[in-house]
Amino acid sequence: MNEVTTASIAVNGVRSPVLQAGPRDRGEAVVFVHGNPGPATDWRALLSQTGEFARAVAPDMPGYGGADKPRGFRYTIDGYAEHLGGLLDALDISRAHLVLHDFGGPWGLAWAARNPEAFASATLIDTGVLPDYKWHRYARIWRTPVVGELFQLTATRGAFRMLVGRENPRLQPDAIDHLYEAARGWPTKRAVLKLYRATPVQSGRGPIEELASLNRPALVLWGTDDAYLPWQLADRQRMAFPSARIELLEGLGHWPFHEDPARIAELVIPFLRAQVTASVA
């Protein structure tokens, strides 16, 4: 396993801690982007393994983890895509293999469509383009003024354990606590409310045509028991990535890298190794 270190990068005055593994001087990197609630430490094991053969980075995005959580940040898909681009520029990364989860999908793919020359491949874990998607129950609550604030303010550890555990039975208690700790602070809860309210459900469709014209290599992993993003969306990823390899993960939920990390590594690491090798061949 490769050593994981942390750097601190500011984009337009908004600071993000960035976990790093592997050689720091390569312009090509595997870039792990978390979703809601994140944070970057979701990726620590995969990041370390990837660092054995490639440069690998995983930022905390604004509003999450150890990143700044300013009221004035644009908590939108475009705002996050711009921040991601700024991070990659600051890190001198000119070619990115994206590994995305949850809201990291829309953020990362928005960046990819605008930077085709820098976008090398995609690994999509329970995320991607989401045509015809309907918000899950929590998203509908968060999008509702007053109701969303009350829900966030009254979300106790016990309630979180019960709800998330019931909907993700393969998720171990320590992983649930990790997610709770990531989301418990009010600045993060405020960021979640702003993000969901600024994101019309139809925007989940994403830049399908722009990505399809690139036909970048893609690996799509999707838990069949995802309570928030139905597994039927997995096949839709071929709309944006016509040659995508799709693997349905039987019995896993929304956080398969926490539920069965060995299985995810078994699928993700060889794919990434092949992409990085192909790019330098």
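Residues numbered from 1 in each chain as written. Predicted model: local features only at pLDDT ≥ 70, side-chain atom pairs only at ≥ 80, totals over all residues. Heavy atoms only, no water.

## Here we look at the overall build of the protein
A count of helical and extended segments in the protein gives eleven helices and eight strands. Scaling as 2.2 N^0.38, a compact globule of 281 residues should have a C-alpha radius of gyration of about 19 Å, and the protein matches this with 17 Å. Along the first, second and third principal axes, the C-alpha set of the protein runs to 55 × 40 × 35 Å. Expressed as a percentage of the 281 residues in the protein, the buried residues total 56%. Sequence separation of at least 24 residues holds for 75% of the intrachain contacts in the protein that already meet a minimum separation of 6. For the protein, the accessible surface area stands at approximately 11,400 Å², while carbon and sulfur atoms represent 54% of it. The protein carries 30 positive and 30 negative side-chain charges, and their two centres are separated by 5 Å. (Helix = DSSP H or I, 4+ residues; strand = E, 2+ residues; numbered from the N terminus. Rg over C-alpha atoms; globule rule 2.2 N^0.38 Å. Buried < 20%, exposed > 50% of the residue type's maximum accessible area, 1.4 Å probe, protein only. Contact = heavy atoms within 4.5 Å. Areas by Shrake-Rupley, 256 points an atom, 1.4 Å probe, with all protein chains shown as cover. Lys, Arg positive; Asp, Glu negative; His and termini not counted. Charge placed at Lys NZ, Arg CZ, Asp CG, Glu CD.)

## Examining the nonpolar core
The biggest cluster of nonpolar side chains holds 94 residues, and the ones touching the most others in it are Val-31, Phe-32, Trp-107, Trp-111, Leu-211 and Phe-241. Here this core gets eight residues from one element, more than from any other, and that element is helix H11 (residues 261–280). Look past the residues within four positions of Val-31 in its chain and what remains in contact with it is Val-57, Leu-84, Leu-88, Ala-96, His-97, Leu-98 and Val-99. (Core = buried A, V, L, I, M, F, W, Y, C linked by side-chain atoms within 4.5 Å.)

## Some remarks on the sheet that holds strand E3 (residues 28–33)
The mixed open sheet is built from eight strands, whose spatial order is E1-E2-E4-E3-E5-E6-E7-E8. In this open sheet, the two edge strands, each paired with only one partner strand, are strand E1 (5–11) and strand E8 (245–249). With direction set aside, neighbouring strand axes in the sheet form an average angle of 20°. Here E1 pairs with strand E2 (residues 14–21) via seven bridges, running antiparallel. Residue Val-11 lies in a different strand from E2, and its bridge partner there is Val-14. Each of E3, strand E5 (95–101) and strand E6 (119–125) touches helix H3 (residues 104–114); the most contacted strand, E5, lies at about 155° to it. (Pairing = 2+ DSSP bridges. Axes fitted to C-alpha atoms, helices over the stretch in contact; angles between N-to-C directions.)

## With respect to the packing of helix H2 (residues 77–90) against H3
Orientation of H2 relative to H3, taken along the N-to-C sense of each, is 65°, at an axis distance of 8 Å. One way to sum up the angle between H2 and H3 is to call them roughly perpendicular. Here H2 runs over H3; the crossing is right-handed. In this structure, H2 uses Ile-77, Asp-78, Tyr-80, Ala-81, Leu-84, Gly-85 and Leu-88 to contact H3, whose residues at the interface are Pro-106, Trp-107, Gly-108, Ala-110, Trp-111 and Arg-114. Partitioning the contact of H2 with H3 into residue classes produces nine nonpolar, two polar and two charged. (Parallel < 35°, antiparallel > 145°, perpendicular 65-115°, else oblique. Left-handed = near helix turned anticlockwise from the far one by under 90°. Nonpolar A, V, L, I, M, F, W, Y, C, P; charged D, E, K, R; others polar.)

## Structural notes on helix H6 (residues 157–167)
Those residues of H6 lying buried are Phe-160, Val-164 and Glu-167. Down the axis of H6, the buried side of the element spans an arc of 65°, and every buried residue falls inside it. Residues of H6 that are buried make contact with helix H4 (137–142) and helix H7 (173–183). (Arc of directions from axis to C-beta.)

## Concerning the environment of Val-164
Tracing the chain through its elements places Val-164 in helix H6. Once the C-alpha coordinates of Val-164 and Ala-81 are considered, the two residues, 83 residues apart in sequence, prove to be 28 Å apart. When residues no more than four places from it in sequence are discounted, the contact partners of Val-164 are Leu-171, Ile-176, Tyr-228 and Trp-255.

## Quick notes on the packing of H6 against H7
Remark: H6 packs on H7, axes separated minimally by 10 Å, with the N-to-C direction vectors making an angle of 125°. Accordingly, the angle class assigned to the pair H6 and H7 is oblique. H6 and H7 meet at a crossing whose hand is right-handed. In contact with Arg-157, Phe-160, Arg-161, Val-164 and Gly-165 of H6, H7 contributes Ile-176, Asp-177, Leu-179, Tyr-180 and Glu-181. A breakdown of the residues in the contact of H6 with H7 according to their chemical character gives five nonpolar, one polar and four charged.

## Points about the packing of aromatic side chains
This structure, assessed with the given rule, holds 18 aromatic pairs. Taking the centre distance of 5.3 Å and the plane angle of 70° together, the rings of Phe-73 and Tyr-80 count as edge-to-face. Ring geometry for Tyr-80 against Trp-107: centres 3.9 Å apart, planes inclined by 15°, an arrangement best described as stacked. One end of the pair, Tyr-80, is in helix H2; the other, Trp-107, is in helix H3, with 27 residues separating them in the sequence. (Phe/Tyr/Trp six-rings, centres within 6.5 Å; stacked < 30°, edge-to-face > 60°.)

Keep in mind that these numbers describe shape and distance, not what the molecule does.
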